[in-house]
Structures are given as structure tokens and as C-alpha cells.
Amino acid sequence: MSYDVSVTQQRFYTRVAVTGEPTFDQLLALVHLLGVDSDSWKHDVLLVDLRKVATPFSNEEQFAIGQAAATSLSHMRRIASVVPTDRITRISEKAARRDGTNVLVFVDEKEALAWLQADD
């Protein structure tokens, strides 16, 4: 399957945009790679834009993605994931939060950015 990833440093956050059709294994590998790369980022807040990911993931796969985020990105202060309205389940969010990583899923990028900027 074909997919693309863009990582950009913004003024107060890092933005990761994923487009295309990554497989489950590819998305898990990406989460782990971001965990390694993020050690050198200048920000401790992350916005992950998944609105252009076409691959459907099962509930079990979404749970595993949340667990991978908790394992690999636990050093991030906040992680906002933006998804299309029809794909919001909060399964990955609950899995990550259960394991102690501060993840919230949004359908609106402006709301996600406001949460990333908010005081703790």
C-alpha cells in the first residue's frame, strides 16, 4: 500500500501528516519511528493529522495503535490526533491514556491546536 508522511516543526508544535493507505504494520512502525525521532524535536506537543488516511482499521488495531503511542511517545506532553468525523472511535485515545500518555482525538484542527497550546 502507498502512503506518505510529512513531519514539520511549527511555531509551538510538531505536525505529522499521514496520507494514503498505510497498512496496520506500517502505521505501527511509523509510531515507533516517531518515538525515536521525537527525542530531537524542539517541541513536546504533537499534532498528528490522519484525515487523509484511507485505510480502515479494526477496533483491535486501533487499540494496538494507542498502546504503541503510549509506549513510543510517552515523553510527549500532549498529542492531538485529528481524524475525519466518520472515523472517530476514541479507541486508540483510551488505550494511550490508560497507559499514561496524554492523547486526545479531534475532528477539528483548530480545537486540537487550542488544546495543544493550553496551560497544563
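Residues numbered from 1 in each chain as written. Predicted model: local features only at pLDDT ≥ 70, side-chain atom pairs only at ≥ 80, totals over all residues. Heavy atoms only, no water.

**Q** Honestly, the pairing of strand E1 (residues 3–9) in this entry has me stumped. Any pointers?
**A** The side chains of a regular strand alternate, residue by residue, between the two faces of the sheet. Taken together, the seven bridges between E1 and strand E2 (residues 14–20) define a ladder with antiparallel strand orientation. Bridging across to E2, valine 5 finds its partner in valine 18. (Pairing = 2+ DSSP bridges. Helix = DSSP H or I, 4+ residues; strand = E, 2+ residues; numbered from the N terminus.)

**Q** Sorry, what's going on with unusual backbone geometry here?
**A** Both trends apply: most residues other than glycine have a negative phi, and most peptide bonds are in trans. A positive phi angle is found at arginine 90, which is not glycine, with a value near 70 degrees. For arginine 90, a relative accessible area of 33% translates into the label partly exposed. (Buried < 20%, exposed > 50% of the residue type's maximum accessible area, 1.4 Å probe, protein only.)

**Q** Sorry if this is basic, but what is going on with the side chain of glutamate 109 here?
**A** As for its placement among the helices and strands, glutamate 109 is situated in helix H4 (residues 109–117). Residue glutamate 109 is classed as buried on the basis of its relative accessible area, which comes to 18%. A polar contact of 2.5 Å, which involves the side chain of glutamate 109, links it to the side chain of arginine 51. If near-sequence neighbours (up to four positions away) are discounted, glutamate 109 is found in contact with Tyr13, Arg15, Leu47, Asp49, Arg51 and Val82. (Polar contact = N/O pair within 3.5 Å; in protein donor to acceptor, adjacent residues only side chain to side chain. Contact = heavy atoms within 4.5 Å.)

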